[in-house]
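Next come the chains, spelled out residue by residue.
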Amino acid sequence: MHHVRFRDPAGAVRQGEWHGDSVSFGGETYALDEVDVLPPCEPTKIVCIGRNYAKHAEERNEDVPDRPLLFLKPPNAVAGHGDTVTLPAGKENVEHEAELAVVIGEQCRNVAVEDAEDVIAGYTVMNDVSNRDDQDVETNWVRGKAFDGAAPLGPVLADPEHLPEDASVSLRVNGETRQDSSIEHLIFSIPELIAEITTYLTLEPGDVISTGTPEGVGPLEDGDHVEVEVEGVGVLEHDVRQD
């Protein structure tokens, strides 16, 4: 099943089912233009993985890490399907990063690799919007990665069985394909990521692990329309505005 959070015409927030061109809850079905699609979860934190595809590390002229490279995005970074992301003012190089995102289903710590699938609620799609102007000159990446709206997420939470082992990850800007790869090229697997992260911190229900982006990252500009697609999960769409 593909689950969706949405605000219905009466303003109530619902947890329903996604049908592609409509959503449903409690016997009622609504067209997408009748509702506001919300992010599929409300994370206390998003744990992101840097350089988890070798070709992306190469295009950034950086080495592949010998252990998962971790950084955080806070809740203020979350944006939803159909939202307009405002890019940081005065920045010349803000880029897209298409990513498969894992949604955690239960509070967990010190999870073994072989038990990792037990704590996964499902999968969604994320765009790790990145302000390179600041990322490339700072070490903590707060300005580069944690600004408001820097983590568009959605549109659905797909049950784990919907994700193929070699699911494609792609991104289009104004209909032009910029990124096109597969999770089979992940350097560190999803169970390895969960085990590594939970060695250091507790994950809560609804928390997100964004698994890294493949090669093909590129600039975003005022008025761009972005589509991020993960096979078996869905297509996240959002617009971009530059103040």
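Because the structure is a prediction, the values reported are computed rather than measured.

A. Representation of the overall build of the chain. If you tally the helices and strands in the chain, you get four helices and 19 strands. Against the 2.2 N^0.38 benchmark of 18 Å for 243 residues, the chain shows a C-alpha radius of gyration of 17 Å, consistent with a compact globule. Taken over the C-alpha atoms alone, the chain extends approximately 50 × 45 × 30 Å along its principal axes. Split into buried and exposed, the 243 residues of the chain put 53% on the buried side. Put simply, of all contacts in the chain between residues at least 6 apart along the chain, 73% involve residues at least 24 apart.

B. Structural context of the environment of histidine 56. Residue position: histidine 56 is located in helix α1 (residues 54-59). Here the alpha-carbon distance between histidine 56 and glutamate 34, two residues 22 residues apart in the chain, equals 39 Å. In this structure, histidine 56 is in contact with Arg51, Glu97, Arg132, Thr213, Pro214, Glu215 and Val217, ignoring residues within four places of it in sequence.

C. Examining the environment of valine 13 more closely. Along the chain, the position of valine 13 falls in strand β2 (residues 13-18). On a C-alpha basis, the gap between valine 13 and glycine 82 in space is 16 Å, while along the polypeptide they are 69 residues apart.

D. Seen up close, the environment of aspartate 36. Examined against the element boundaries, aspartate 36 turns out to sit in strand β5 (residues 36-38). Judged by relative accessible area, which is 44%, aspartate 36 ranks as partly exposed. Along the primary structure aspartate 36 and aspartate 8 are separated by 28 residues, whereas in three dimensions their C-alpha atoms are 7.0 Å apart. Sequence-distant contacts of aspartate 36, that is, excluding residues within four places in its chain, are made with Arg5, Phe6 and Arg7.

E. Local environment of unusual backbone geometry. The residue after glycine 154, namely proline 155, is reached through a cis peptide bond having omega -5°. Inspection of the secondary structure puts proline 155 in strand β14 (residues 151-158). Notably, arginine 51 is not glycine yet its phi reads approximately 50°, a positive angle. Mapped onto the elements of the fold, arginine 51 is located in the loop between β6 (46-50) and α1. Unusually for a residue other than glycine, tryptophan 141 sits at a positive phi of about 65°. Along the polypeptide, tryptophan 141 turns up in the loop between α2 (132-135) and α3 (142-145).

F. Focus on the confidence of the model for the chain. Confidence in the prediction of the chain, expressed as mean pLDDT, is 97, and 100% of residues score 70 or more. Across the chain, element-level confidence peaks in strand β11 (residues 98-104) with a mean pLDDT of 99 and bottoms out in α1 with 94.

G. Geometry of the pairing of β11. The buried count for β11 comes to seven of seven residues, which makes it a mostly enclosed element. Neither face of β11 is left uncovered, since the one carrying Ala98, Leu100, Val102 and Ile104 and the one carrying Glu99, Ala101 and Val103 both have all their residues buried. Of the strand pairs in this sheet, β11 and strand β12 (residues 120-127) are connected by seven bridges, and their pairing is antiparallel. Looking at β12, one finds that glutamate 99 is bridged to methionine 126. Bridge count between β11 and strand β17 (residues 208-210): three bridges; the pairing is antiparallel. If you follow alanine 101 over to β17, its bridge partner there is serine 210.

H. Up close: the packing of aromatic side chains. Inspection of every chain in the model, using the stated rule, returns two aromatic pairs. Measuring from centroid to centroid gives 5.0 Å for phenylalanine 71 and tryptophan 141, while their planes differ by 70°, and the two rings are edge-to-face. Of this pair, phenylalanine 71 sits in strand β7 (residues 69-73) while tryptophan 141 sits in the loop between α2 and α3, placing them 70 residues apart in sequence. Its relative accessible area of 9% is what places phenylalanine 71 among the buried residues.

I. Local environment of the pattern of salt bridges. Inspection of the entire model under this criterion finds 15 salt bridges. Glutamate 62 is the partner of arginine 51 in a salt bridge, and the nearest nitrogen-oxygen pair spans 3.2 Å. Note that arginine 51 is positioned in the loop between β6 and α1 and glutamate 62 in the loop between α1 and β7, a separation of eleven residues in sequence. Residue glutamate 62 is classed as partly exposed on the basis of its relative accessible area, which comes to 31%. A salt bridge links glutamate 95 to arginine 132; the nearest nitrogen and oxygen atoms lie 2.7 Å apart. Taken together, the residues span a long stretch of sequence, with glutamate 95 in strand β10 (residues 94-95) and arginine 132 in helix α2 at a distance of 37 residues. If you follow the salt bridges from partner to partner, you end up with Lys73, Glu95, Glu97, Asp128, Arg132 and Lys145 in one network.

Thresholds applied
- Residues numbered from 1 in each chain as written.
- Predicted model: local features only at pLDDT ≥ 70, side-chain atom pairs only at ≥ 80, totals over all residues.
- Heavy atoms only, no water.
- Helix = DSSP H or I, 4+ residues; strand = E, 2+ residues; numbered from the N terminus.
- Rg over C-alpha atoms; globule rule 2.2 N^0.38 Å.
- Buried < 20%, exposed > 50% of the residue type's maximum accessible area, 1.4 Å probe, protein only.
- Contact = heavy atoms within 4.5 Å.
- pLDDT = per-residue confidence, 0-100.
- Pairing = 2+ DSSP bridges.
- Phe/Tyr/Trp six-rings, centres within 6.5 Å; stacked < 30°, edge-to-face > 60°.
- Salt bridge = Lys/Arg side-chain N within 4 Å of Asp/Glu carboxyl O.

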